[in-house]
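# Analysis of the macromolecular model
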Amino acid sequence: MDYENLLTERRSGADGALAVGIVTLHRPKQLNALNDGLMDELGHALAAFDADEGIGCIVLTGSDKAFAAGADIGAMASYGYMDVYLGQYITRNWEALREVRKPVIAAVAGFALGGGCELAMACDFIIAAESAKFGQPEIKLGIIPGAGGTQRLPRAVGKSKAMDMVLTARMMDAAEAERAGLVSRVVPNERLLDEALAAAAMICGYSLPSVMMAKQCVNRAFETGLADGVSHERSVFHALFATEDQKEGMAAFAGKRKPAFKHR
Ligand code: DAK
């Protein structure tokens with residue numbers, strides 16, 4: 001499907017593995033500033049890949065200069081309280097990412113600011129190029145992060161760094177983001193998409209139900225206490241023994257061969 005503000009691509013897997021869905025934010029003149037049109041399209045593209053049985057993982061990326069420089073300030077500037085409250089600003093089309101059950105990897109180069117940083121943090125993990133810069137500069141505009149930044153950033157980097165970034169608006173470079181645990185790895189700029197696709201292809205080689213349930217369980221760690229989380233994990237772990245892929249994975253290990261997962 002053709003979008004105005006996005007490019008999408010399906011990258012086939014090797015040896016019958018599931019394919020990777022790539023979504024590239026594409027408003028280059030505005031550094032991928034996130035307006036309603038883009039967010040509506042993003043929700044649509046993610047839902048389409050999530051529903052596609054041939055896709056095992058999604059990579060969300062931007063340009064070399066910007067993953068996304070935040071919510072579109074021009075579009076927001078004239079909003080009043082009733083516009084954002086009654087119109088469910090943010091909630092209406094930004095929450096689609098939370099509904100995606102397959103893994104979503106953010107491949108971030110350049111600016112990931114404001115809503116752009118929040119969008120990256122809402123993905124399952126972030127691979128950063130050396131050029132990546134993360135920040136929550138909303139305070140400079142007389143607002144605060146409104147798409148999860150005050151909640152996800154402290155969970156990722158701890159209270160002190162989160163307060164520092166949210167209150168002073170300073171940016172964090174890729175090296176600091178990796179030290180702080182905001183990103184899983186930093187790679188050379190020119191390797192960003194290849195590294196993200198390699199991680200996605202690795203995930204696509206595993207059994208999809210176990211991948212989806214692993215994602216579900218790790219996310220549960222952020223929603224609940226330890227005892228409830230471990231209990232949830234145990235139930236899901238037990239459930240996986242009902243899958244054909246658990247039998248296949250273990251038989252393949254015993255037979256010293258590659259498993260042929262059916263994603264069932
Ligand atoms: N919105 C709209 N346009 C943007 C933009 C943005 N966030 N960021 C950049 N642009 C545009 C610039 O206006 C410029 O357009 P032209 O002047 O060429 O027409 C073009 O992109 C190139 O930008 P620059 O010329 O500024 O490029 P530089 O390399 O000099 O600087 C920069 C890059 C990223 C440092 C700078 O552009 C910048 O500071 N941008 C703004 C970053 C920012 O403040 N981001 C946070 C936005 S606020 C809410 C929930 C969530 C949010 C709000 C409300 N509620 C629930 C109510 C989220 C808010 C945000 O994300």
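Everything below is about the structure printed above this text.
### Here's the deal with the overall build of the protein chain
Within the protein chain, the secondary structure is distributed over twelve helices and ten strands. Over its C-alpha atoms the protein chain spans a radius of gyration of 19 Å, differing by no more than 12% from the 18 Å that the globule rule assigns to 264 residues. A principal-axis box enclosing the C-alpha atoms of the protein chain has dimensions of 60 × 45 × 40 Å. Within the span of the protein chain, comprising 264 residues, buried residues form 44% of the whole. Total accessible area computed for the protein chain in this model is approximately 13,900 Å², and 56% of it derives from carbon and sulfur atoms. Within the protein chain, the 32 negative side-chain charges are centred at a point lying 5 Å from the centre of the 28 positive side-chain charges.

### Thoughts on the site of the ligand
Among the 23 residues in the neighbourhood of the ligand, the closest are listed as Lys 65, Ala 69, Ala 71, Ile 73 and Gly 115. Take Lys 29: an N or O atom from its main chain is 3.4 Å from an oxygen atom of the ligand. Computed on the free molecule, the ligand has an accessible area of 1,100 Å², of which 61% lies beneath the protein chains in the complex. Elements represented by at least two residues in the shell around the ligand include exactly helix 2 (73–76) and strand 6 (111–113).

### A short note on the environment of Ala 48
Its place among the elements puts Ala 48 in helix 1 (residues 36–51). Residue Ala 48 is classed as partly exposed on the basis of its relative accessible area of 41%.

### Comments concerning the nonpolar core
Counting residues in hydrophobic clusters, the biggest one holds 49 residues, and the most contacted among them are Leu 25, Phe 67, Phe 134 and Leu 182. If near-sequence neighbours (up to four positions away) are discounted, Leu 25 is found in contact with Asn 5, Leu 6, Asn 32, Leu 34, Leu 38, Leu 42, Leu 60, Thr 61, Gly 62, Phe 67, Ala 68 and Leu 119. Listed in part, the 21 residues of the second largest apolar core include Val 59, Ile 105, Val 211 and Met 212.

### Remarks on the packing of helix 5 (residues 115–122) against helix 6 (residues 149–157)
Viewed as axis vectors pointing N to C, helix 5 and helix 6 meet at an angle of 60 degrees, and their least axial separation amounts to 10 Å. Classified by the angle their axes make, helix 5 and helix 6 are oblique. The chirality of how helix 5 crosses helix 6 is left-handed. Here Glu 118, Met 121 and Ala 122 of helix 5 lie close against helix 6, whose contacting residues are Gly 149, Arg 152 and Leu 153. For the contact of helix 5 with helix 6, the per-class residue count stands at three nonpolar, one polar and two charged.

### A look at the packing of aromatic side chains
This model, assessed by the stated rule, comprises two aromatic pairs. When the centroid spacing of 5.6 Å and the interplanar angle of 20 degrees are considered together, the rings of Tyr 81 and Tyr 85 count as stacked. Linking Tyr 81 with Tyr 85, this pair stays in helix 3 (residues 81–86), spanning four residues, or about one helical turn. The same class applies to Tyr 81 as to Tyr 85, namely exposed. An angle of 75 degrees between the planes, with centres 5.2 Å apart, marks the rings of Phe 237 and Phe 241 as edge-to-face. On the accessibility criterion, Phe 237 (45% relative accessible area) is partly exposed. Residue Phe 241 is classed as partly exposed on the basis of its relative accessible area, which comes to 39%. The ring of Phe 111 has Lys 133 sitting right over it, with the charged end atom 5.5 Å from the ring centre.

### Brief notes about the state of the cysteines
Using the criterion set out here, one finds zero disulfides in the structure. Just so you know, Cys 217 is unpaired, no disulfide at all, and the nearest cysteine sulfur is the one on Cys 57, 17 Å from it. Its relative accessible area of 17% is what places Cys 217 among the buried residues.

The rules we used
Counting starts from 1 at the beginning of each chain's written sequence and moves along it residue by residue. Only residues with pLDDT of at least 70 get local features here, since the model is predicted, and only at 80 or more are side-chain atom pairs given and counted; chain-wide, interface and lining totals rely on the full set of residues. Values reported for side chains reflect all heavy atoms of the structure, with hydrogen atoms and water molecules removed beforehand. A helix here means a DSSP run of H or I that spans at least four residues, while a strand means a run of E at least two residues long, and both kinds are numbered starting from the N terminus. The quantity called the radius of gyration is restricted to C-alpha atoms. Its globule counterpart is 2.2 Å times the number of residues to the power 0.38. A simple rule labels every residue: compare its accessible area, found with a 1.4 Å probe on the protein chains alone, to the largest value its type can have, and call it buried under 20%, exposed over 50%, or partly exposed in between. In these tables, accessible area is a Shrake-Rupley quantity obtained with a 1.4 Å probe, and a residue counts as shielded only by the protein chains included in the view. All tallies of charge rest on Lys and Arg as positive and Asp and Glu as negative; His and the ends of each chain are not included. Lys charges are placed at NZ, Arg charges at CZ, Asp charges at CG and Glu charges at CD. Note on terminology: near, applied to a residue and a molecule or strand, indicates that one of the residue's heavy atoms is within 4 Å of it. Identification of polar contacts relies on pairs of N or O atoms within 3.5 Å, with a donor-acceptor requirement for protein atoms, meaning one able to donate a hydrogen and the other able to accept it, and with residues adjacent in sequence counted only if both atoms are side-chain atoms. We call a set of buried residues a nonpolar core when its members are Ala, Val, Leu, Ile, Met, Phe, Trp, Tyr or Cys and they connect through side-chain atoms within 4.5 Å of each other. In this description, contact between two residues means that some pair of their heavy atoms is separated by no more than 4.5 Å. Axes here refer to lines fitted to C-alpha atoms; in helices the fit is confined to the stretch in contact. Angles between the N-to-C directions go from 0 to 180 degrees. Should an angle fall under 35 degrees it is called roughly parallel, over 145 degrees roughly antiparallel, and 65 to 115 degrees roughly perpendicular, with every other angle called oblique. For any pair of crossing helices, the crossing counts as left-handed if the nearer helix is rotated counterclockwise from the farther one by less than a right angle, and right-handed if it is rotated clockwise. When residues are sorted by character, Ala, Val, Leu, Ile, Met, Phe, Trp, Tyr, Cys and Pro go into the nonpolar class, Asp, Glu, Lys and Arg into the charged class, and all the rest, Gly among them, into the polar class. Here a pair means two rings of Phe, Tyr or Trp (six-membered ring of Trp) with centres within 6.5 Å. Their orientation is stacked below 30 degrees between planes, edge-to-face above 60, and tilted elsewhere. Either the NZ atom of lysine or the CZ atom of arginine qualifies as a charge over a ring when it sits within 6 Å of the ring centre and within 35 degrees of the ring normal. The rule for a disulfide is simple: a pair of cysteine sulfur atoms within 2.5 Å.

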